[in-house]
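Structural characterization, general
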Amino acid sequence: MGMNLVFFDIECASVNKTTAKICAFGYVVCDENFNIIKKEDILVNPKGKFHLTDRKGDKGIVLPYAYEEFKKYPPFTSVYPCIKELLEDANNVVLGHSTMNDIKYLNLETKRFKLPSFKFSFSDSQLIYMTFIEDYTRQFGLEYIAKELGVHFVPHRAADDAYATMRVVQAMCKAKGCGYFDLIKLLQVNSGKIKNYNVTAPSSKGERRYHDQMQKAKAERAKKRVAYFNYISRKRIKRGGGLYGKTFTFSREIEENLGLSKSLADKIYECGGKYSQHVTQSNYYVAEKDDNSPRTQNAAKQGGLVLIDLVGLEEILNAASR
């Protein structure tokens with residue numbers, strides 16, 4: 001007997017750090033060839049008011065349900081047994097999209113109603129897609145991926161989100177000319193796990209390699225900044241220079257280019273100016289024109305701070321050295 005694939009999605013009436021009031025549990029069960037065996041939306045009385053935001057807790061979203069109807073449905077405690085049986089069935093392979101969010105919701109609800117923890121393994125179509133296209137730079141939403149792969153669905157209806165997740169995985173299998181289990185093996189994706197309320201996230205070899213590279217690059221950038229600050233700390237202000245009393249700060253990108261940043265700092269100090277690590281203590285902030293980093297965005301919000309590029313800095317230095 002072959003394994004079945006269970007794709008699920010959860011919608012909540014409200015979510016915060018300590019509660020996630022589930023109002024819909026949608027799922028699709030299919031065989032290894034993506035033939036649908038069952039598709040169902042289990043609606044739940046959330047025992048609380050609707051306060052809807054997106055995954056980041058920002059934008060208000062609208063669920064395609066009549067909210068006043070939810071009071072007619074059973075509470076989570078009543079649907080918990082059938083959901084648990086579905087997800088913990090040894091014959092089922094469980095998947096979702098950005099599954100860690102839904103696992104968190106299940107954890108919070110089981111704790112809220114003092115129910116035993118779920119115990120099953122799961123995968124994530126978002127991670128599979130990121131590994132599939134070898135891009136780990138951002139989180140890809142289901143709607144974006146569905147559009148890219150030509151899958152149509154109604155967003156935020158739990159069973160339809162689950163169905164779209166299935167179609168997304170099916171499309172990736174078709175693109176690679178293989179079944180789900182071969183796809184997972186090919187992309188070297190490992191399942192996540194939930195047990196005793198503890199959760200381990202799914203991962204892939206490509207994702208782990210990417211994060212390792214990011215950590216190494218971050219450490220290298222930090223090392224360069226330390227070297228630059230040590231260099232600056234030994235500089236002395238030249239009184240009477242054309243830039244005396246003026247303070248400069250560079251973008252991280254310029255700071256980390258040690259040959260450039262040291263050379264510019266030398267010129268600033270020769271003209272009587274000084275350097276500060278702190279944007280709020282500066283008169284001038286220097287960044288390339290296309291720099292959109294958080295540090296540069298923060299500098300743009302500072303009143304009284306003049307933003308200039310490298311050409312602008314050279315003009316100031318040339319004028320001050322005359």
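All values derive from a computational prediction rather than experimental measurement.

Positionally, His97 belongs in the loop between strand E4 (92-96) and helix H2 (99-112). Of the polar contacts made by the side chain of His97, one reaches the side chain of Ser125; its length is 2.7 Å.

Scanning all chains against the criterion turns up 0 disulfides. You can see Cys82 has no disulfide; the closest cysteine sulfur is in Cys23, sitting 15 Å from it. Cys82 gets classed as partly exposed once you look at its relative accessible area, which sits at 40%. Here Cys173 stays unpaired: no disulfide links it, and the sulfur of Cys178, its closest cysteine neighbor, is 5.2 Å away. The class for Cys173 is buried, based on a relative accessible area of 3%.

Looking at the element boundaries, Thr131 is found in helix H3 (residues 125-133). Looking at Thr131, the relative accessible area reads 7%, which means it is buried. Not counting residues up to four positions away in its chain, the partners in contact with Thr131 are Tyr136, Leu187, Val189 and Ser204.

On to the packing of helix H5 (residues 158-176) against helix H6 (residues 180-187). Where H5 contacts H6, the two axes come as close as 10 Å, and the packing angle between them is 75°. For the element pair H5 / H6, the angle class is roughly perpendicular. On the side of H5, the interface is formed by Val169, Met172, Cys173 and Lys176, while H6 contributes Tyr180, Leu183 and Leu186. Class assignment of the residues belonging to the contact of H5 with H6 gives a composition of 6 nonpolar, no polar and 1 charged.

Right, let's talk about the pairing of E4 for a bit. Burial runs high along E4: 5 of the 5 residues are buried. Burial along E4 is two-sided: the face carrying Asn92, Val94 and Gly96 and the face carrying Val93 and Leu95 are both buried. Direction of pairing for strand E1 (residues 4-15) relative to E4: parallel, over a ladder of 4 bridges. Looking across to E4, one finds that Phe7 is bridged to Leu95. Examined bridge by bridge, E4 and strand E5 (residues 120-124) share 3 bridges and lie parallel to one another. When the sheet's bridge partners are listed, Leu95 is paired in E5 with Ser123. What joins E4 to E5 is H2, and the crossover it makes is right-handed.

Summing up the model confidence of the protein, the mean pLDDT is 92 and the portion of residues at 70 or higher is 96%. Here helix H4 (residues 142-148) stands out as the least confident element of the protein, with mean pLDDT 88; strand E7 (residues 192-195) is the most confident, with 98.

Pairing within the open sheet is parallel, and its 4 strands lie in the order E11-E10-E12-E13. Lying at the two open borders of the sheet, with one neighbouring strand each, are strand E11 (274-275) and strand E13 (306-308). The pairing of strand E10 (residues 247-250) with strand E12 (residues 284-286) spans 3 bridges and is classified as parallel. Counted as the bridge partner of Phe250 is Val286 from E12. Sheet strands touched by helix H9 (residues 258-270): E10 and E11. Its angle to E10, the strand with the most contacts, is close to 175°.

Cut-offs and rules
Residues numbered from 1 in each chain as written. Predicted model: local features only at pLDDT ≥ 70, side-chain atom pairs only at ≥ 80, totals over all residues. Heavy atoms only, no water. Helix = DSSP H or I, 4+ residues; strand = E, 2+ residues; numbered from the N terminus. Polar contact = N/O pair within 3.5 Å; in protein donor to acceptor, adjacent residues only side chain to side chain. Disulfide = S-S within 2.5 Å. Buried < 20%, exposed > 50% of the residue type's maximum accessible area, 1.4 Å probe, protein only. Contact = heavy atoms within 4.5 Å. Axes fitted to C-alpha atoms, helices over the stretch in contact; angles between N-to-C directions. Parallel < 35°, antiparallel > 145°, perpendicular 65-115°, else oblique. Nonpolar A, V, L, I, M, F, W, Y, C, P; charged D, E, K, R; others polar. Pairing = 2+ DSSP bridges. Right-handed = clockwise from strand over helix to strand, strands pointing away. pLDDT = per-residue confidence, 0-100.

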